[in-house]
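Coordinate analysis (summary)
For reference, the chains in residue letters:
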Amino acid sequence: MKRISLFVLALLVFLQPLAVEASNWPAFGRDDTRQRTAVDQKAMPPLYKKWEVENIGWSISSPVTDGTYIYHVAGGFLYKIPLNLNFYDQPLTVSSFLRQRGINNEQVQRVRISDNPHVASHPTYDPIRNRIYVGTGDNRVARINPSTMRIERWFSAGARVVAAPTVLGEDLLVYSTGERARLFLAKHDQRDFINYGDSPAEITGTVAVKQTSRGPIIFVPINYRGQNRPGFVDAIRVIDRGRGRAPGFEFVWSRPFRTDNGVAASIVYDERRDRIYFADKSGAVYAVNASTGRQVWKNTRYRHSSSATTMVNNSPALYGDTLVIPYRYQGGRNRGMIAAFNVTNGQVRWARTSAGEPLSTGNYQGEISSAPVIIVQGNQRIVLFGNTRGVLRAVNLSNGQARPVARQGNRDLMSVRFEGGRPESIYQGQGIATEIMVANGHIVFGANDGATPNRSGNNGNLYAFSTEDFPFMMPLSLTGRVHAQETIPQGAPLPVYFGPWNIGTRDINQPFSVRLYVNNVMVREERYNRLRSGELIGQWITVPAQVATPSRGKKEIRLEVDVRNEVDEPVRSDNIIRRYYEVTPAIPINCPEGFNWEGDRCVKRWTEHRITDRQTRAIRVR
């Protein structure tokens, strides 16, 4: 019998649908921590160009993938593209691209989501409900069923949606607007919002999420369009009040974190250190304690007092103790650069120009137009980034030295040029302006010939690079999935959802077993005979209190998924999924009015935020 390799691809925490495996890329920044790091054994450059679609549409949105399909917004359409398309020697037209099929006869599809091709929002794939959310060019958010490629629902915003919508739980959605700086919290058909001020206040960066047992905490960046004035970052806990009720919220910090200038790009959350990292648009870089809102460090080495000399409007990337910040330009137009910082102390590790060279060379190649992406494979760690002249480059994460990015025949290419145009444009959209998606053996991105859409909105191409042997890989992926609370009070039972999931492109017609362990005690085993492509089979169970919480401290949840051979023995292959949860002291019956239980004591709950003594910026509006 042929042995089938199992990939441990998914580990989801309760109410954390987007904290998924590195091999997939379901959201802007990969998941809702926005770290932009892919641990992918099949996507380490140099790679071969797989296909190119000419004039598919202008786009500054990130492609995303559910492991079987790529979803990309371009020219006012949402495209659904089979991941396992063939290699094509010549560029494809849009009409021919729509006729292409994957190796299992899956067809490229699309649905129009806006008559305005200037769609700035990134799509978000929700793997729990199999839905896609994306802001349109006409002040709305669309919810799309990718199985049918039909729009199921519209969420109004009242202003242009720039950041990616974020899924926080079962039908629990947060989205924001530029121009009017409103943060919407939606549950099914009920919603509430927080008003951070009318224009020029705006929210253009996507929120980062910290998952807690009391509900997700989101970190919100506030910018002021066209102005050099202090901005801030806010921390808000979102409270799911159930179907039929608008979500609630509470402020986590006593006041927002004030910045030297507005924060135009997204926040990165570091769960290992419980910190957030970000840059303001003048170039100062910050590390802030996510629980207290207090500054850990601040680096102003590349900050300038005027945004005419430095601008940061793309998002950072994080891996281990290294944070990479993209500077659109530094010290003058067409002088783009990226810099790496040590998150331990905030010191600069290296900096490179938009041409991938040390700053001392003075050799630049336009401005930085995309957020950097970090790819990890064993001891190899590289950073990918694009510039306004349409050039894709790669450098080492450790020292910034240039690396080959693509391969043509037997020749390695240190850079590849795509669409360019006027590199000096002040608008974000020129060159490689989409985020670079890295997942499942692919690198996918778009490039625009023009900083804004042309009349037809078609002045942008889409590219996919892959390994040469990818078409011969088995398109089957059996995985496990676990949902559990992150913390539980001592003595309480532990609710766990577990089950197998086939995110491949073939049915699994072979017996396999799924076993759940809590603290090294097997509490459940299920056996299955088959699993259809794309199918999730699972169930909630309540682990007995004596197994789940015998004492305080860190505990382990372990899931094993094994194919079984002819004699019913499990055939294992790197298929163990682990998750840790924290047992905290028993929750007291009551806290005084105005207090909440935080860890092991009652803490006063803040109900408003004051940026200064005279001005309140976060006010609940019904």
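Remember, predicted model here, so these are calculated numbers, not experimental data.

Re the packing of aromatic side chains
As enumerated under the stated definition, the model contains 21 aromatic pairs in all. Between Y302 and Y327 the ring centres are 5.7 Å apart and the planes differ by 70 degrees, which places this aromatic pair in the edge-to-face class. Linking Y302 in the loop between β24 (295–299) and β25 (310–311) with Y327 in strand β27 (residues 322–327), this pair joins segments that are 25 residues apart in sequence. Side by side, Y302 and Y327 carry an identical accessibility label, which is buried. The interplanar angle of 25 degrees and the centroid separation of 5.6 Å between the aromatic rings of F445 and Y463 together place this pair among those described as stacked. With F445 in strand β39 (residues 442–448) and Y463 in strand β40 (residues 460–466), this pair connects stretches of sequence that are 18 residues apart. Y463 matches F445 in its accessibility class, with the two residues each being buried. Cluster of aromatic residues (ring-pair linked, three or more members): Y133, F155, Y175, F184 and F193. The lysine or arginine in question, R36, covers the ring of F28, its NZ or CZ lying 4.4 Å from the ring centre. Here the basic side chain of R110 rests over the ring of F77, its NZ or CZ set 3.9 Å away from the ring centre.

Side note on the side chain of R403
Along the polypeptide, R403 turns up in strand β34 (residues 402–403). No salt bridge is formed by the buried R403, whose closest oppositely charged neighbour, D412, lies at an N-O distance of 8.3 Å. At a separation of 2.9 Å, a polar atom in the side chain of R403 contacts the side chain of Q380. When near neighbours in sequence (up to four residues on either side) are disregarded, R403 contacts M44, P45, Q380, I382, A394, V395, N396 and M414.

Observations regarding the nonpolar core
Soluble globular proteins tend to pack their nonpolar side chains together in the buried interior. One finds W51 and V438 to be the most contacted residues of the largest nonpolar core, which totals 44 residues. Core analysis: the next-biggest nonpolar cluster, separate from the first, contains 23 residues, V496, V514, I557 and V583 among them.

A closer look at the pattern of salt bridges
Counted according to the given criterion, the structure contains 28 salt bridges. In this structure, R140 and D138 form a salt bridge, with 3.3 Å as the shortest nitrogen-oxygen distance. Residue D138 is classed as partly exposed on the basis of its relative accessible area of 32%. Between D321 and R349 there is a salt bridge, with the nearest N and O atoms lying 3.0 Å from each other. Taken as a pair, D321 in the loop between β26 (317–319) and β27 and R349 in strand β30 (residues 348–353) lie far apart in primary sequence, 28 residues in all. Given the relative accessible area of 30%, D321 is considered partly exposed. A network of salt bridges, in which partner residues are shared, links R515, E525, R527, E556, R558, E560 and D562.

Topic: the layout of surface pockets
In this structure, the second largest pocket spans a volume of roughly 1000 Å³. Residue lining of the second largest pocket: 38 residues in total, with E202, T204, A264, N313 and Q428 positioned closest to the centre. Its residues assigned to classes, the lining of the second largest pocket shows 14 nonpolar, 17 polar and 7 charged.

Let's talk about the environment of G135
Its place among the elements puts G135 in strand β8 (residues 131–135). According to the relative accessible area criterion, G135 is buried, its value standing at 0%. Considered as a pair, G135 and P165 are 30 residues apart in the sequence and their alpha carbons are 7.1 Å apart. Contact partners of G135, with chain neighbours within four places excluded, come to V119, S121, R140, V141, V161 and P165.

Focus on the sheet that holds strand β23 (residues 285–289)
The sheet built from 4 strands is open, its strands ordered β21-β22-β23-β24 with antiparallel pairing. Because the sheet does not close on itself, it has two edges, and the strands there are β21 (268–270) and β24. Each strand axis lies, on average, 15 degrees off the axis of its neighbour in the sheet, ignoring direction. In the sheet, β23 pairs with β24 via 4 bridges, with the strands oriented antiparallel. Bridge pairing in β24 links V285 to N299.

Calculation criteria
Residues numbered from 1 in each chain as written. Predicted model: local features only at pLDDT ≥ 70, side-chain atom pairs only at ≥ 80, totals over all residues. Heavy atoms only, no water. Phe/Tyr/Trp six-rings, centres within 6.5 Å; stacked < 30°, edge-to-face > 60°. Helix = DSSP H or I, 4+ residues; strand = E, 2+ residues; numbered from the N terminus. Buried < 20%, exposed > 50% of the residue type's maximum accessible area, 1.4 Å probe, protein only. Lys NZ or Arg CZ within 6 Å of the ring centre and 35° of its normal. Lys, Arg positive; Asp, Glu negative; His and termini not counted. Salt bridge = Lys/Arg side-chain N within 4 Å of Asp/Glu carboxyl O. Polar contact = N/O pair within 3.5 Å; in protein donor to acceptor, adjacent residues only side chain to side chain. Contact = heavy atoms within 4.5 Å. Core = buried A, V, L, I, M, F, W, Y, C linked by side-chain atoms within 4.5 Å. 1 Å grid on protein atoms, 1.4 Å probe; cavity = no way out; pocket = protein on both sides within 12 Å on 5 of 7 lines; lining within 4 Å. Points joined across faces, edges and corners; volume = space filled by probe spheres on them. Nonpolar A, V, L, I, M, F, W, Y, C, P; charged D, E, K, R; others polar. Pairing = 2+ DSSP bridges. Axes fitted to C-alpha atoms, helices over the stretch in contact; angles between N-to-C directions.

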